[in-house]
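Structural overview
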Amino acid sequence: MNPSRALTPSPRTLDIESVAHFDRLLSSGAATMHGWHAQSLDLRGRRADLQRLDPQGAIFLGCTFDDGVEDSLRSRGALIFPKLRGVPFNPYRGSLYSAAELYEDIDSTEYEATLDAQVYHWSIMPGQRTSLDATLAAALHDHAIGDALDELLGNGDFAGNKIVGVMGGHVAQRGTQDFDDAALLGRLLALSGFTVATGGGPGAMEAANLGAYLSGLPDADFASALQSLAAVPGFRPSVTAWARAAAAVVGHHPSGTTSLGIPTWFYGHEPPNLFATHIAKYFANSVREAILLELCNGGIVFLPGSAGTVQEIFQDACENFYGAPETVTPMVLVGRDHWEHKYPAWPMLQSLAAGKVMEGRIFLVDSVEEALAVVAG
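Residues numbered from 1 in each chain as written. Predicted model: local features only at pLDDT ≥ 70, side-chain atom pairs only at ≥ 80, totals over all residues. Heavy atoms only, no water.

Under an unreviewed UniProt entry, the name given to the protein is Rossmann-fold nucleotide-binding protein, and the source organism is Arthrobacter bambusae.

**Notes on the overall build of the protein**
Selection rule: Runs of H or I in DSSP of at least four residues are treated as helices and runs of E of at least two as strands, each being numbered from the N terminus. Within these notes, the globule rule equals 2.2 Å times the number of residues to the 0.38 power, and the radius of gyration is based on C-alpha atoms. Accessibility here uses a 1.4 Å probe with only protein chains present; expressed as a share of the type maximum, an area under 20% marks a residue as buried, one over 50% as exposed, and anything in between as partly exposed. Per-residue and other accessible areas follow the Shrake-Rupley method at a 1.4 Å probe size, with only the shown protein chains counted as cover for residues.
Across its full length, the protein carries 16 helices and 11 strands. Against the 2.2 N^0.38 benchmark of 21 Å for 377 residues, the protein shows a C-alpha radius of gyration of 22 Å, consistent with a compact globule. A principal-axis box enclosing the C-alpha atoms of the protein has dimensions of 70 × 55 × 45 Å. Counting all 377 residues of the protein, 50% fall into the buried class. Counting only carbon and sulfur atoms, one obtains 54% of the accessible surface of the protein, whose full area is about 16600 Å².

**Digging into the sheet that holds strand 8 (residues 278-279)**
In plain terms, the rule: Pairing between two strands is assigned when DSSP locates at least 2 bridges connecting them.
Taken in spatial order, the seven strands make up an open sheet running 8-7-6-5-9-10-11, and their pairing is parallel. The strands lining the two open edges of the sheet, one partner per strand, are strand 8 and strand 11 (362-365). Of the strand pairs in this sheet, strand 10 (residues 331-334) and strand 11 are connected by four bridges, and their pairing is parallel. Across the sheet, the residue bridging to Leu-333 is Leu-364, located in strand 11.

In structure tokens:
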């Protein structure tokens, strides 16, 4: 099953993610709430309307009601998922994350106090991966994130956009040629009208999101931002210092170009970068990886990396190998020596592609400028 398709509501359901939307439905004269899915809404003050409408088939996830209304709705056929106690995140959230939310107050507090760190620590507590409450909360959360991502792609900021994925290693340090190349790629893609999507983490992923975010700057200002980040090359030994350096750049340039990051708490030791304007962070890494590959309708550029990037190459290759001709998208590997000798993914990719539609859609290049020419061609 395609995970992104599984997260798309059926035509008979109506996701309600704001009180204003709920109130518009109430004022429309509806007689029934059948198929309404309300997520994390404060519905106090609407007792009369909620008691007037037929709630059979409605679902309320983590909503707040006036006293007695919840019992009335449940007794008349509504399905109500209560707020989950002891969980440091909202499993019913109606939107993606932002860096400002995940790193709130990072200028004055340590990373360990941020929402991102608290959720990761919750996820690795003894027994959490087998606890029914914890697995239910994580599954509901990932469903909500998938739903919000679908909305973003279908009717939101990214609707109709050509999305190009940038995959690469998390070890690329700020101030290195690998980091600067990835940042240049993100910049060139954004300037060419593409939306950049990455795994949302550090290294090459951060660089690509950074390049897209600052694509509107003159070259000199872009180079200055890269130089300022190089003062804190990586997230070890201090995620706090790494995040603060990024937050300072964002503070100087608060209105950057939009891009997407799709990280995971499964790799919670790798913090999400602060330059993706929209962050779809999942607990389930397998779902996150499949969705990231699926949404890159403009192809994927694979920068030098190791095990994770190799896995992504062949996961994408598998989809192109078995996919219908119209679904096959470009795969561009950057770095001949890296992909032919250090990690010889290219020869195997050529063997897989031989005689298939994808054979004409795989490329090995030596520069990010060449990679741009492929996806823009």
